[in-house]
Amino acid sequence: MSRLEYERDEIVAVLKDLGEEIRRLKAQIEDGAEVSKTETGKLMSDVRYWMRASHETEAQIANVRRKQKGLAGDWALDLDRARDEIGCRMARLRRCCGAGRLPE
């Protein structure tokens, strides 16, 4: 997990640098300077690559966290949350219907 989090932090740093490059090119364009299409194309290609790497790393981190929680597959049922939601619905029914106390 720490390796994946380190990779994510490195990717974030690279994306920040790429963002600065994009802002630099934007400022050049706004100032009317010539901007190389090759440079711009390479920059956008780099952004796409690192964004894809970011998504893959985040997905791997999510999978590790799910496994650490003992969850398998693409879905899981949060029993504590379900119990709370059912309790809230039962409380609303009691108030609505004036049923008084219903068994827990």
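All residue numbers here refer to positions counted from 1 along the written sequence of the relevant chain. Owing to the predicted nature of the model, reporting of local features is limited to residues with pLDDT of at least 70; listing and counting of side-chain atom pairs is limited to 80 or more, with chain, interface and lining totals taken over all residues. Side-chain numbers come from the whole structure's heavy atoms, not from hydrogens or water.

### Observations regarding the overall build of the chain
The helix count covers DSSP runs of H or I at least four residues long, the strand count covers runs of E at least two residues long, and both are numbered beginning at the N terminus. Secondary structure summary: the chain contains three helices and zero strands in total. Listing every helix and strand of the chain by position from the N terminus yields α-α-α. Buried residues are those whose accessible area, probed at 1.4 Å on protein chains only, stays under 20% of the maximum for their type, while exposed residues exceed 50% and partly exposed ones sit between those limits. For the chain, buried positions account for 12% of its 104 residues. Contacts between residues were defined by any pair of non-hydrogen atoms, one from each residue, lying within 4.5 Å. Taking the intrachain contacts of the chain between residues at least 6 apart in sequence as the baseline, contacts between residues at least 24 apart amount to 58%.

### Some thoughts on the packing of aromatic side chains
What counts as a ring pair is set by centres within 6.5 Å for rings of Phe, Tyr and Trp (its six-membered ring), and what kind of pair is set by the plane angle: stacked under 30 degrees, edge-to-face over 60, tilted for all other angles. The full count for this structure, using the stated rule, is one aromatic pair. Ring plane angle 85° and centroid distance 5.0 Å describe the contact between Y49 and W50, whose orientation is recorded as edge-to-face. A relative accessible area of 46% means that Y49 is categorised as partly exposed. With a relative accessible area of 26%, W50 lands in the partly exposed category.

### Notes on helix α1 (residues 2-30)
For α1, which comprises 29 residues, the first-to-last C-alpha distance of 42 Å matches the rise-based estimate of 42 Å (1.5 Å per residue) to within 8%. Taken as a whole, α1 has its buried residues at L4, I11, L18, G19 and L25. Buried-residue contacts for α1 involve α2 (37-68). Positioned one or two residues after α1, G32 has a phi angle of 85°, which is positive. Multiply 1.5 Å by the residue count of a helix minus one, and that product is the helix's expected span.

### Some thoughts on the nonpolar core
Take the buried residues of types Ala, Val, Leu, Ile, Met, Phe, Trp, Tyr and Cys, join any two whose side-chain atoms come within 4.5 Å, and each joined set is a nonpolar core. Membership of the largest hydrophobic core is limited to five residues, which are L18, L25, V35, L43 and V47. Where this core is concerned, the elements lending two or more residues are α1 and α2. Apart from residues lying up to four places away in sequence, L18 is in contact with L43, D46, V47 and W50.

### Some points on the side chain of T57
By secondary structure assignment, the location of T57 is in helix α2. Discounting residues that sit within four places of it in the chain, T57 has contacts with L4, E7, R8 and I11.

### Looking at α2
When the terminal C-alpha atoms of α2 are compared, their 46 Å separation across 32 residues agrees well with the 46 Å that a helix rising 1.5 Å per residue should span. Taken residue by residue, α2 has L43, V47, A53, T57 and I61 as its buried positions. Considering only its buried residues, α2 is in contact with α1. Here a polar contact is recorded for every N or O atom pair within 3.5 Å, except that within protein the pair must consist of a potential hydrogen donor and a potential acceptor, and residues adjacent in sequence are included only if both atoms are side-chain atoms. In this structure S36 caps α2, since a side-chain oxygen of it lies 3.2 Å from the backbone nitrogen of T38.

### Some points on the packing of α1 against α2
Angular values range over 0 to 180 degrees, each being the angle between N-to-C directions of two axes fitted as lines to C-alpha atoms, with helices fitted over their stretch in contact. Taken N-terminus to C-terminus, the directions of α1 and α2 make an angle of 155°; their axes are 9 Å apart at the nearest point. Accordingly, the angle class assigned to the pair α1 and α2 is roughly antiparallel. Crossing angle aside, the handedness with which α1 passes α2 is left-handed. By definition in this entry, angles of less than 35 degrees are roughly parallel, angles greater than 145 are roughly antiparallel, angles of 65 to 115 are roughly perpendicular, and the rest are oblique. By convention the crossing between two helices is left-handed if the near helix lies anticlockwise of the far one by an angle smaller than a right angle, and right-handed if it lies clockwise.

These figures capture arrangement, not role.
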